Amino acid sequence: MSDLGNQTVRVVERVRRKRGVMDETTTAEYPGCSVQPEGAVEGVPLERHTRWILYAPPGFPESTENVLDIDGIGPRLHVDGDLQTWYDDDGIADHVTGYLERWVSSG
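Every value quoted in this text rests on a predicted model; they were computed, and no experiment measured them.

About the cut-offs
- Residues numbered from 1 in each chain as written.
- Predicted model: local features only at pLDDT ≥ 70, side-chain atom pairs only at ≥ 80, totals over all residues.
- Heavy atoms only, no water.
- Helix = DSSP H or I, 4+ residues; strand = E, 2+ residues; numbered from the N terminus.
- Buried < 20%, exposed > 50% of the residue type's maximum accessible area, 1.4 Å probe, protein only.
- Contact = heavy atoms within 4.5 Å.
- Core = buried A, V, L, I, M, F, W, Y, C linked by side-chain atoms within 4.5 Å.
- Salt bridge = Lys/Arg side-chain N within 4 Å of Asp/Glu carboxyl O.

Draft legend 1. Spotlight on the environment of Arg-10. Residue placement: Arg-10 occurs in strand β1 (residues 7-16). According to the relative accessible area criterion, Arg-10 is buried, its value standing at 16%. Separated by 60 residues in the primary sequence, Arg-10 and Ile-70 place their C-alpha atoms 6.3 Å from one another. Excluding its chain neighbours within four sequence positions, the residues that come into contact with Arg-10 are Thr-26, Ala-28, Glu-29, Val-67, Leu-68, Asp-69, Ile-70 and Asp-71.

In C-alpha cells:
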C-alpha cells in the first residue's frame, strides 16, 4: 500500500457518443491523495476490497459521477455518496474526504 498522500487520482470522464458507445477521457489529475480500503484486514488482497476511503487535497471535486483511476489500485472506483471538504480552526480548507466503491459498468 502506498504511503499516505502519495497517490495520484485521475478523474476519467465518461461521455455517451453515437450509438450509445461510451468514450472515456482523463480530465484532471490530483496528486497528494490517499485511498485506503475501508476496514482493511491484513493479508486481504486489494482487489478483494469493494469500499474505500479517499483523502484528497483541497480543490478535489466534491461531487462527481465520473470514474476514478488511482495509483496502486487501478481504474474503476467512483464516489459513493458525497465528498466533504474539512476545514482547519482558521476556516482554511484542509482536505476532502469520502467513500469510494468499485464501479460496475451499466453499459
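There is more to say after this.
Draft legend 2. Fine view of the nonpolar core. The biggest cluster of nonpolar side chains holds 16 residues, and the ones touching the most others in it are Val-9, Val-35, Leu-54, Phe-60, Leu-68, Ile-70 and Leu-100. Sorting the residues of this core by element identifies β1, β2 (22-37), β3 (51-56), β4 (67-70), β5 (74-79) and β7 (93-102) as the ones contributing at least two each. For this core, the leading source of residues is β3, giving three residues. Those residues in contact with Ile-70 that lie beyond four places of it in its chain are Gln-7, Thr-8, Val-9, Arg-10, Val-35, Leu-77 and Leu-100.

Draft legend 3. Layout of the pattern of salt bridges. Overall, the coordinates contain three salt bridges when judged by the stated rule. Between Arg-51 and Glu-38 there is a salt bridge, and its shortest N-O distance comes to 2.9 Å. Taken together, the residues Arg-51 in strand β3 and Glu-38 in the loop between β2 and β3 connect sequence positions 13 residues apart. The class for Glu-38 is partly exposed, based on a relative accessible area of 33%. Linking Arg-51 and Asp-80 is a salt bridge whose minimum nitrogen-to-oxygen distance equals 2.2 Å. Remark: Asp-80 occurs in the loop between β5 and β6 (84-87) and Arg-51 occurs in strand β3; sequence separation between them is 29 residues.

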